[in-house]
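If you want the building blocks of each chain, they are given just below.
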Amino acid sequence: MFVQLGRSTWGNPAVKWISLLGLGVFGVVSLAVALRLLLLAGRTRELPEFLIGLSFLSGGVLARAPIAAALSAESLPETLRVGLFMGGRFMLVVCGLSIGLMAWRVFQREQAWARVLLLVLVALLAVHSASDVFVTRPGTPLYESMGFWIGTVGKTGAFAWGSWEAIRYYGTLRRRISLGLADPVVVNRIALWGVASGLIAFLFLVNPLAQLATGLNQESPALSMMQSAIGLAVAVCIALAFFPPRAYLQRIESRAAHQEG
Amino acid sequence: MADSAAFCWVCEEIERVTRLSRLEARGTVRLALKEAGLEPRSVSAEQMKTILKKVMPAELASRGIEEAASLCGEIARALENAKLGDAASTAETPEEVFRRLGARG
């Protein structure tokens, strides 16, 4: 087998279900946002909505569900579990690529350094995928593979870049609000996107580091709970960004009017 | 990338009606735009008018230009009538992308 999945370390079933709750909510919100943005992309034929929709679909649904199944459904045949796990990991690569492309296309399309950074991310993720298929030795923990760390850098880098660009742009737009030159709801959406991307980057980095520190090849209960909490926070951010309740919008607009006044 | 037509036009007007040099006029407008979170390459005529009303008077006054507010008002009015054929960047801004992403229906 490619990777060592082993037995679940969740132990207490309550911990398992609480952990799955956060990821479940994240999955549902991701699916809703993905469908909405992919439908929008179908109408507009524009790349940004397609890339963000694809990132939510691949990262929030098509990656998390098979990985969770592979890690928790111990009754499944080992080959199927490994297949699900590796398939999910490939979807995370698709997600990272989409976010990197989106950061370049939306925020820094005309900058040469951004093109170089995007190419570096693509190369890292390609090496990671090739390593998963051809190099990773059977039965070894993932974090002992160089390809795994290359992939971690690639995925974390893509989300951290997307987050940095959004938060930097938010800082610029916030100054425009006081002059009435920016829509406060759009500015808030960009800020929420930046925070959500930053949290995902953190998750991509902290998960393998914690596994390395604990020596476990999968989520410990504490790590699962943390992932669940971050998953919930990301879900709240993207729900507020793409499906904001009326009261939330009114609050943003009144705060901006006060700032402008 | 080239600066927008609105930016260049306003800089030339400020240079013409004040004793600021070309470099000083452009620098002053650049600072005003930076304070407002805008860029010379992408600022539109509409945005420039707001800058002239709300930001530029203080910037010019701080450089010893008298009656800066009325001067800026006149430039803003003239800008309204100017045929600029605005060469501001036609690339979609992140703000426009995220506005579209939030559109319902």
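As the structure is a prediction and not an experimental result, all values here were calculated from the model. (Residues numbered from 1 in each chain as written. Chains lettered and ligands numbered in written order. Predicted model: local features only at pLDDT ≥ 70, side-chain atom pairs only at ≥ 80, totals over all residues.)

(A) View of the overall build of chain A. Helices and strands together make up the secondary structure of chain A, namely 8 helices and 0 strands. Each helix and strand of chain A, ordered N terminal to C terminal, gives the series α-α-α-α-α-α-α-α. Over its C-alpha atoms chain A spans a radius of gyration of 19 Å, differing by no more than 12% from the 18 Å that the globule rule assigns to 261 residues. Structurally, chain A occupies a C-alpha span of about 65 × 45 × 35 Å along its principal axes. Counting the 261 residues in chain A, one finds 42% classified as buried. Taking as baseline every contact in chain A between residues at least 6 positions apart, the subset at least 24 positions apart corresponds to 76%. (Helix = DSSP H or I, 4+ residues; strand = E, 2+ residues; numbered from the N terminus. Rg over C-alpha atoms; globule rule 2.2 N^0.38 Å. Buried ≥ 20, exposed ≤ 12 C-beta atoms within 10 Å, placed from the backbone. Contact = placed C-beta atoms within 7 Å.)

(B) Spotlight on the overall build of chain B. The helix and strand tally for chain B stands at 6 helices and 0 strands. Overall, chain B shows an N-to-C arrangement of helices and strands of α-α-α-α-α-α. Dimensions along the principal axes, computed over C-alpha positions, put chain B at roughly 50 × 25 × 25 Å. Relative to its 105 residues, chain B shows a buried fraction of 33%. Sequence separation of 24 or more characterises 64% of the internal contacts of chain B that already satisfy a separation of 6 or more.

(C) Representation of the interface of chain A and chain B within the structure. Facing the 24 residues of chain A at the interface are 17 residues of chain B. Looking at the side of chain A that touches chain B, the elements with two or more residues in it are α1 (13-44), α2 (47-72), α3 (78-107), α5 (146-177) and α6 (184-214) of chain A. Sorting elements by how many residues they give to the side of chain A that touches chain B places α5(A) first, with 5 residues. Tallied by class, residues from the side of chain A that touches chain B come to 14 nonpolar, 3 polar and 7 charged. (Nonpolar A, V, L, I, M, F, W, Y, C, P; charged D, E, K, R; others polar.)

(D) Focus on unusual backbone geometry. Positive phi values are uncommon outside glycine, yet R45(A) reaches one of about 60°. Even without a glycine there, the phi angle at E67(B) is positive, about 50°. Relative to the elements of secondary structure, E67(B) occurs in the loop between α4 (56-61) and α5 (68-81).

(E) Representation of the nonpolar core. Counting 89 residues, the largest nonpolar core has I190(A), I238(A) and V10(B) as the members making the most contacts within it. Tallying contributions element by element places α3(A) first for this core, with 14 residues. Residues within four places of I190(A) in sequence aside, it is in contact with A166(A), Y169(A), Y170(A), L173(A), P94(B) and F98(B). (Core = buried A, V, L, I, M, F, W, Y, C linked by C-beta atoms within 7 Å.)

(F) Main features of helix α7 (residues 221-242) of chain A. In a regular helix each residue adds 1.5 Å, so 22 residues correspond to 32 Å; α7(A) covers 31 Å between its end C-alpha atoms and thus fits that length. When α7(A) is considered as a whole, its buried residues turn out to be S224(A), Q227(A), S228(A), I230(A), G231(A), V234(A), A235(A), C237(A), I238(A), A241(A) and F242(A). (Expected span 1.5 Å × (residues − 1).)

(G) Quick peek at the packing of α5(A) against α6(A). Residue and element names in this part refer to chain A. The N-to-C vectors of α5 and α6 enclose an angle of 155°; their axes lie 8 Å apart at closest approach. Judged by the angle between their axes, α5 and α6 are roughly antiparallel. Handedness of the crossing formed by α5 with α6: left-handed. Within the contact of α5 with α6, the residues separate by chemical class into 19 nonpolar, 7 polar and 2 charged. (Axes fitted to C-alpha atoms, helices over the stretch in contact; angles between N-to-C directions. Parallel < 35°, antiparallel > 145°, perpendicular 65-115°, else oblique. Left-handed = near helix turned anticlockwise from the far one by under 90°.)

(H) A look at helix α3 (residues 45-54) of chain B. Residue and element names in this part refer to chain B. Of all the positions in α3, only Q47, M48, I51 and L52 are classed as buried. Along the axis of α3, the buried residues cluster in a sector spanning 145°; they form a single face. Each element contacted by the buried residues of α3 is listed here: α1 (5-17), α2 (22-36), α4 and α5. (Arc of directions from axis to C-beta.)

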